[in-house]
Amino acid sequence: MKEIIVIALLVLGTLFIFLAAVGLLKMPDVYLRMSASSIAATLGTSIILTALAIHFMDLGITFMVIGINLFLFLTVPVSSHLMGRAAHRAGYEKWNKTLVDRLEHDSDPTKVTCIKPSNNNHKAS
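So, here's what we can say about the structure.

So, how was this worked out
Residues numbered from 1 in each chain as written. Predicted model: local features only at pLDDT ≥ 70, side-chain atom pairs only at ≥ 80, totals over all residues. Heavy atoms only, no water. Axes fitted to C-alpha atoms, helices over the stretch in contact; angles between N-to-C directions. Helix = DSSP H or I, 4+ residues; strand = E, 2+ residues; numbered from the N terminus. Parallel < 35°, antiparallel > 145°, perpendicular 65-115°, else oblique. Nonpolar A, V, L, I, M, F, W, Y, C, P; charged D, E, K, R; others polar. Patch = residues over 30% accessible without salt bridge, like charges linked within 9 Å, V, L, I, M, F, W, Y side chains within 5 Å. Areas by Shrake-Rupley, 256 points an atom, 1.4 Å probe, with all protein chains shown as cover. Salt bridge = Lys/Arg side-chain N within 4 Å of Asp/Glu carboxyl O. Buried < 20%, exposed > 50% of the residue type's maximum accessible area, 1.4 Å probe, protein only.

What follows is about the packing of helix α2 (residues 30–56) against helix α3 (residues 59–90). Two numbers describe how α2 lies on α3: the axes approach to 10 Å, and their chain directions differ by 175°. Viewed along their axes, α2 and α3 adopt a mutual orientation that is roughly antiparallel. In the contact of α2 with α3, the residues fall into 15 nonpolar, 10 polar and no charged.

Here's what the structure looks like:
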């Protein structure tokens, strides 16, 4: 029974990674390619690592898989966002059917936006 679950997870993870590769080839612009590759490849890798943990049934390997999955789910969205923002600032064109540009205000690379500090001066007692 364990072998069937492992094989099913490996096939599912491989399908997600294959979808990421197809997304890289078929998507019309850099932003959609980045989205397809980051989401599908992260999910596929995480599913394959879960199959690895189930196959070996070792506590050390399971903790490593959990750590790697946490690392992937925390870092891939942030790095994908930063790469997309850098591509937007570099002037990569969007797909002609793109409806919303949430970074439109951020097109000037010399302009730095920051949060203004509040006027409340709280003193430590």
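Back to the text.
Together, Leu59, Phe63, Ile66, Leu70 and Leu74 make up an exposed nonpolar region whose accessible area comes to about 560 Å². Here Phe63 shows up in helix α3. Residue Phe63 is classed as exposed on the basis of its relative accessible area of 54%.

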